[in-house]
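Architecture and fold: a report
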Amino acid sequence: MSLESRKTAPVGVFDSGVGGLTVAREISRQLPLENIVYFGDTARVPYGSKSQNTIIRFSEQIIRFLKTKGVKAIVIACNTASALALDAVKDEFDIPVMGVVIPGARAAVEATKKRKVGVVGTDATVQSGMYTKIIHGMAPDIEVIEKACPLFVPLVEEGFKEHHVTQEVIEFYLESMRSTGIDAMILGCTHYPLLRSRIRDYMGKDIQIVNPAYETAMDLKALLREQNMENDGTTAQHSRYEFYVSDMAEKFRKFANTVMPFDVPTTNVVNIEEY
Ligand code: DGL
C-alpha cells in the first residue's frame, strides 16, 4: 500500500452487535476525516456469555473479513472481545489491532482520587478480571470492584432506555456498588454508555462515570499519527462509513440511526463463517 492510500484507507471497527456504535460515534467526533468499516456480529451476539476460545475464533474471522475491505487498523469496539481476544489476535495480523480495555482503565486511573474504582461489564469480561489486571499494571494501589450486569445488554438492544424496568435493573445491580466508596466507575461494556445518564443519575455526582469510547478514539488518533497513517483530508473529501452485520440488517440500521450523528442509509449482511 502506498503512503497516500494507507492514509485514506478505512479503520475497521467491530463489536458483537450494536454496542460498538458508541465507539464508532466517538471516532467520528474526534477523527472526522477517517473512513470506517463497521462490523456488528448480530447473528452471534451476545459474546458476554461465551467462552474465550469462541470469542477468539469470532474475532479472527471478523478481522479477516475487515482486511478484505482494505482497513489500515482495527479497533475492537467490544469490551468482551478486548478482554478475552486482543492478546491472542494482536500479533497475528499485519495491521495494528487495539481494544477498549486499556484506554478505559487508564481513564479510570486518572479519574480516581480515592484509589477505588468500580467496573461494570458482561459476565465474560468480569470473569476475565482483565480490567483489574490492567489497572493494577498501571497503579497497583488501586482497589478495583467488578460487577457483571448482563441484563443491561438486552435492555439496550430492546430500546428500553427510558423504560421503568431499566431503572429497576440499574438499582438491582448497582445498589451494592454505590456503597463501596468508589469515586470512578468504568462502563466496561460498549452497550452501557447508551444507559449512561440513567446510571449516572443513580450513582450520584460524586462518582465519575468513565466511558472507554472517548479514550479509545484518542488512542486511535495517537496510533494513526505515530504510524503516519492519519487521514489528513488531502485526498478524501468526506468521511465514508460502511456498515456490515451477520444478521438482521434492517434492525441494525434503524438502531444505528439512533446512535450515529448522521444518516445510515444501508447495512449489508455478510456470511462471517466464510472467513
Ligand atoms: N459488546 C459487548 C461488550 O462490550 C456486550 C454485548 C455482548 O455480550 O456481546 O462487552
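Everything numeric here is computed off the predicted structure, so don't read it as measured data. (Residues numbered from 1 in each chain as written. Predicted model: local features only at pLDDT ≥ 70, side-chain atom pairs only at ≥ 80, totals over all residues. Heavy atoms only, no water.)

**A closer look at the site of the ligand**
In the neighbourhood of the ligand, 14 residues make up the surrounding shell, with Asp15, Ser16, Tyr47, Gly48 and Thr80 lying closest. Between the ligand and Thr190 there is a distance of 2.9 Å, counted from an oxygen atom to a backbone nitrogen or oxygen. Across the complex, the protein chains shield 99% of the 300 Å² of accessible surface that the ligand would expose by itself. Class assignment for the residues of the shell around the ligand results in six nonpolar, seven polar and one charged. (Near = heavy atom within 4 Å. Polar contact = N/O pair within 3.5 Å; in protein donor to acceptor, adjacent residues only side chain to side chain. Areas by Shrake-Rupley, 256 points an atom, 1.4 Å probe, with all protein chains shown as cover. Nonpolar A, V, L, I, M, F, W, Y, C, P; charged D, E, K, R; others polar.)

**Brief notes about helix H12 (residues 249–259)**
Turning to H12, its buried residues number three or more, namely Ala249, Phe252, Arg253, Phe255, Ala256 and Val259. Down the axis of H12, the buried side of the element spans an arc of 170°, and every buried residue falls inside it. The outward face of H12, more than 90 degrees from its buried face, is lined by the exposed residues Lys254 and Thr258. Looking at the buried residues of H12, the elements they touch are helix H2 (21–30), strand E2 (36–40), helix H8 (152–157), strand E9 (241–245) and strand E10 (268–269). (Buried < 20%, exposed > 50% of the residue type's maximum accessible area, 1.4 Å probe, protein only. Helix = DSSP H or I, 4+ residues; strand = E, 2+ residues; numbered from the N terminus. Arc of directions from axis to C-beta. Contact = heavy atoms within 4.5 Å.)

**Observations concerning the sheet that holds strand E1 (residues 11–15)**
Pairing is parallel in the open sheet, where six strands are placed in the order E4-E3-E1-E2-E9-E10. Each end of this open sheet is capped by a strand with a single partner; those strands are strand E4 (97–98) and E10. Lying on the sheet, H2 is in contact with E1, E2, strand E3 (73–76) and E9; it crosses E2 at an angle near 170°. Where helix H3 (residues 52–68) meets the sheet, its contacts fall on E1, E2, E3, E4 and E9, and the angle it forms with E1 comes to roughly 150°. (Pairing = 2+ DSSP bridges. Axes fitted to C-alpha atoms, helices over the stretch in contact; angles between N-to-C directions.)

**Digging into the sheet that holds strand E7 (residues 184–188)**
Here we have four strands laid out as an open sheet, ordered E6-E5-E7-E8, and parallel in their pairing. Strands with a single pairing partner mark the edges of an open sheet, and in this sheet they are strand E6 (143–148) and strand E8 (208–210). Taken over all neighbouring pairs, the strand axes of this sheet differ in orientation by 20° on average, direction set aside. Inspection of the sheet shows strand E5 (residues 116–121) paired to E7 by five bridges, in the parallel sense. Counterpart to Val119 in the pairing with E7 is Ile186. Of the strands in this sheet, E5, E6 and E7 are in contact with helix H9 (residues 164–178), which crosses E6 at around 165°.

**Focus: unusual backbone geometry**
Cis rather than trans, the peptide bond between Val45 and Pro46 has omega equal to 5°. Residue position: Pro46 is located in the loop between E2 and H3. Backbone geometry places Arg115, a non-glycine residue, at a positive phi of 60°. Here Arg115 lies in the loop between helix H5 (101–111) and E5. The backbone of Met248 sits at a positive phi, close to 55°, despite the residue not being glycine. Mapped onto the elements, Met248 comes out in the loop between E9 and H12.

**Some remarks on the state of the cysteines**
All told, the structure shown has zero disulfides when counted by the stated rule. Of all cysteine sulfurs, the one in Cys189 lies closest to Cys149, which takes part in no disulfide; the gap is 9.0 Å. Classification of Cys149 by relative accessible area gives buried; the value is 0%. Looking at the unpaired Cys189, the closest cysteine sulfur is the one in Cys78, lying at 7.2 Å. (Disulfide = S-S within 2.5 Å.)

**Some words on the pairing of E3**
Judged by which residues are buried, E3 turns out to be covered on both faces: Ala73 and Val75 on one side and Ile74 and Ile76 on the other are all buried. Sheet topology note: the E1/E3 ladder contains four bridges and is parallel. Bridge pairing in E3 places Phe14 opposite Ile76. With two bridges connecting them, E3 and E4 associate as parallel partners. Looking at E4, one finds that Val75 is bridged to Met98. Viewed along the sheet, the connection from E3 through helix H4 (residues 79–89) into E4 turns out right-handed. (Right-handed = clockwise from strand over helix to strand, strands pointing away.)

**A closer look at the nonpolar core**
Counting 54 residues, the largest nonpolar core has Leu21, Phe152, Leu174, Met185, Ile199 and Met203 as the members making the most contacts within it. In this view, Ile199 contacts Phe152, Ile170, Leu174, Met185, Leu187, Tyr192 and Ile209; residues no more than four positions away in its chain are not counted. In terms of nonpolar packing, the next biggest core, distinct from the first, is built from 45 residues, Ile62, Ile76, Val117 and Ala184 among them. (Core = buried A, V, L, I, M, F, W, Y, C linked by side-chain atoms within 4.5 Å.)

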